[in-house]
Amino acid sequence: MIFRRRLNTVTADEFARLYEQHLDAVFSYCLFQVADRQLAEDLTADTFEQVWRDRRRYNPEQAGFTTWLFAIARHRIIDNQRQQGRRTHLSLDGQHKDETPLPEEQVAREGQFTCLRDLIRALPDEHQELVALKFGAGLSNRRMAEILNKNESAIGSAIYRIMQKLRQQWEVENVSSHEA
Amino acid sequence: MSHHTKLESGGFRQQAVEEIVAELHLENDELVRVLVGLRPSPSQALRQRVRAITDMEQAKEMEKAGEPRRERILPLLPRLVLRASVVTAILLVAVFLLIAAVPSVRATFGRIMQQRFGLVLVEPVLETTSAIEPEANSEVLTEVKVIPPISLEEAQAQVPFTIPMPAILPEGFELWAARVGTGPHGESMDEDGNRIVTVPPIAVILHFKPDEDNQGRYHPEATLGLDIMDRIGLSGGYTAPAGSEQEVDVNGNSAVFVKGAWIRPDENKPPSPDNLIWDDAYDAAMLSWEANGLTYILSGSHLGLSQEDYIRIAESVR
């Protein structure tokens, strides 16, 4: 008979607190990735369900909770994209569908959002994922490196290049739209 | 360090614009502001949906832990009669009272030879007299009131002592549920007609089962229980035939180990004095001892554990 030390257990209350802390980021990450608000909600809920189901497999010595959580969300998204047979792209369509009318200044920003959305759509898939993790989820480069199993400085460099590219295109687009 | 501390107790927070700008060494933050502005807010419906996950899952687990309920306890009784930890504290306490106080019930289990650490050692051969109605005995045996399973934290809040836990468990086992119970105050008369009021002990029953990843490696009914009563010198308790016990040692304290279980020769009949025999080859065992003012009964079934294994678990209880 083999014995091991008793597992510590994480209570439902502790998980509930963690959910509250991470919900916005996970949902934002999903929506940045899949472009569909309802699908993003489903993926977010699926992610947290899996986290709860697999909580005993989680080893805090191996990874931080945030890393583990986003790794699960990422796999959920990848699985969904495989099922869909194609990769969807960032979209703000419908983002405010169920919201009350936006304030005037936000309406003005919608033009910027729409422009940026198209620019991000044109990025390679892996760059879109970096944008989703960085700006959607709001993760640090270090956390992103853990999730993507890459070097932290490589992540920083990649995002810096993406930002340069986006800024150039965005400024061109902004100038064009203002001239128009 | 608590698990919660490991789980980033400082709290997770999405990076703000300033943090991103600093991290990426950017000179212009306007684009970052627009990108961060793209972050959507989850709907209230999603918040409720996610919040409900732990509630629902916890409820499911509690429901699972609550099994076997009354209808399932009855078929299990032949094998687990007065031994299994899944039978509630109420049953335990009721048995304490009934065995000691009611002659017919005492006769049901044979003459009490010895009582130690919450165990009642009876004559190996059950007495069955014409005065005992099998139906009545069945009624006694099935007088089970299921106490709902609760979390360890909830159990702790209900008892005046720190609930000890085993630090060692069979591989893949975890705490599945806890129960807290006590019986009604009992009244009886002794042979001289004196009124005896019995104050039942508070009992905590900890129920351990294989976790989801390890259920396949154990017998479906594999279970481990630890009953903890808030007093020593208990009379009454789980019954076993006198002679089945072995004197052992748990951390220097005298303890009693019993291997086997009551089984029902005729599976189609309810448990009764005519239909219960002790099977010492059955894969089940009890280990009982007293320490620090508490009485412990560690019981397991279908685990393939040796006597040394049970003692090792018992000695890890802190």
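Here the structure is a predicted model, which is why all the values come from computation and not from measurement.

Draft legend 1. Here's a closer look at the overall build of chain A. Secondary structure summary: chain A contains seven helices and one strand in total. Tracing chain A from N to C terminus, the helices and strands come up as β-α-α-α-α-α-α-α. Burial status across chain A gives 49% buried among its 180 residues. Within chain A, contacts between residues separated by at least 24 positions form 67% of all contacts whose residues are at least 6 apart in sequence. Accessible surface, chain A as shown: approximately 8900 Å² in total, 44% of it carbon and sulfur.

Draft legend 2. Layout of the overall build of chain B. Along its length, chain B carries 10 helices and 15 strands. Per-residue burial over chain B gives 54% buried out of 318 residues. By sequence separation, contacts in chain B at least 24 residues apart represent 66% of the contacts at least 6 residues apart. Split by element, the accessible area of chain B, about 14200 Å² in all, is 51% carbon and sulfur.

Draft legend 3. Expanded view of the side chain of A:Thr67. All names here are of chain A. Structurally, Thr-67 is set in helix H3 (residues 65-84). At 2.5 Å, the side chain of Thr-67 forms a polar contact with the side chain of Glu-146. Residue contacts for Thr-67: discarding those within four places in its chain leaves Arg-143, Glu-146 and Ile-147.

Draft legend 4. The nonpolar core, seen in detail. Counting residues in each nonpolar core, the largest one holds 65 residues, and the members touching the most others are A:Phe70, A:Leu116, A:Phe135, A:Met163, B:Val32 and B:Leu35. Contacts of A:Phe135, omitting those with residues within four sequence positions, involve A:Phe32, A:Ile159, A:Met163, B:Ile20, B:Val32, B:Leu35, B:Val36 and B:Arg39. In this structure, B:Ala155, B:Ile163, B:Val180 and B:Phe208 belong to the second largest nonpolar core, which totals 36 residues.

Draft legend 5. Structural view of unusual backbone geometry. Residues and elements named next belong to chain B. One non-glycine residue, Asn-251, lies in positive phi territory at about 50 degrees. Within the element layout of this structure, Asn-251 appears in the loop between strand S10 (245-250) and strand S11 (253-259). Of note, the phi angle at His-302 is positive, near 55 degrees, even though the residue is not glycine. Locating His-302 in the fold gives a position in the loop between strand S15 (294-301) and helix H10 (307-315). The exposure class assigned to His-302 is buried, which follows from its relative accessible area of 14%.

Draft legend 6. Molecular detail of the sheet that holds strand S8 (residues 223-229) of chain B. Residues and elements named next belong to chain B. Ordered in space as S4-S7-S8-S15-S14-S11-S10, the seven strands form an open sheet in which the pairing is antiparallel. The sheet terminates laterally at strand S4 (173-181) and S10, the two strands that pair on one side only. Averaged over all neighbouring strand pairs, the angle between strand axes comes to 20 degrees, with direction disregarded. Examined bridge by bridge, strand S14 (residues 284-291) and S15 share eight bridges and lie antiparallel to one another. Counterpart to Met-286 in the pairing with S15 is Ser-299. Together, S8, S10, S11, S14 and S15 form the strand contacts of H10, whose direction differs from that of S10 by roughly 40 degrees.

Draft legend 7. Fine view of the pairing of S14(B). All names here are of chain B. Within S14, seven of the eight residues are buried, which leaves the element mostly enclosed by the surrounding structure. Direction of pairing for S11 relative to S14: antiparallel, over a ladder of five bridges. Looking across to S14, one finds that Val-256 is bridged to Ser-288. What sits between S14 and S15 in their antiparallel hairpin is a turn of two residues, with Asn-292 showing a positive phi close to 50 degrees.

Draft legend 8. Geometry of H3(A). Given a rise of 1.5 Å per residue, 20 residues ought to cover 28 Å, and the 28 Å separating the end C-alpha atoms of H3(A) matches this to within 8%. Of the positions making up H3(A), those classed as buried are A:Phe65, A:Thr66, A:Thr67, A:Trp68, A:Leu69, A:Phe70, A:Ile72, A:Ala73, A:Ile77, A:Asn80 and A:Gln81.

Draft legend 9. Region of interest: the confidence of the model for chain A. All names here are of chain A. Model confidence for chain A is summarised by a mean pLDDT of 77, while 71% of its residues fall at 70 or above. Within chain A, the element-level pLDDT minimum falls on strand S1 (residues 3-5), averaging 27, and the maximum on helix H5 (residues 125-136), averaging 93. Throughout residues 1-9 the model reports pLDDT below 50, and contacts reaching past four residues in sequence, or to other chains, amount to 31 contacts. Contacts for the low-pLDDT stretch residues 87-103, under 50 throughout, to residues beyond four places or in other chains number 46 contacts.

Rules and cut-offs
Residues numbered from 1 in each chain as written. Chains lettered and ligands numbered in written order. Predicted model: local features only at pLDDT ≥ 70, side-chain atom pairs only at ≥ 80, totals over all residues. Heavy atoms only, no water. Helix = DSSP H or I, 4+ residues; strand = E, 2+ residues; numbered from the N terminus. Buried < 20%, exposed > 50% of the residue type's maximum accessible area, 1.4 Å probe, protein only. Contact = heavy atoms within 4.5 Å. Areas by Shrake-Rupley, 256 points an atom, 1.4 Å probe, with all protein chains shown as cover. Polar contact = N/O pair within 3.5 Å; in protein donor to acceptor, adjacent residues only side chain to side chain. Core = buried A, V, L, I, M, F, W, Y, C linked by side-chain atoms within 4.5 Å. Pairing = 2+ DSSP bridges. Axes fitted to C-alpha atoms, helices over the stretch in contact; angles between N-to-C directions. Expected span 1.5 Å × (residues − 1). pLDDT = per-residue confidence, 0-100.

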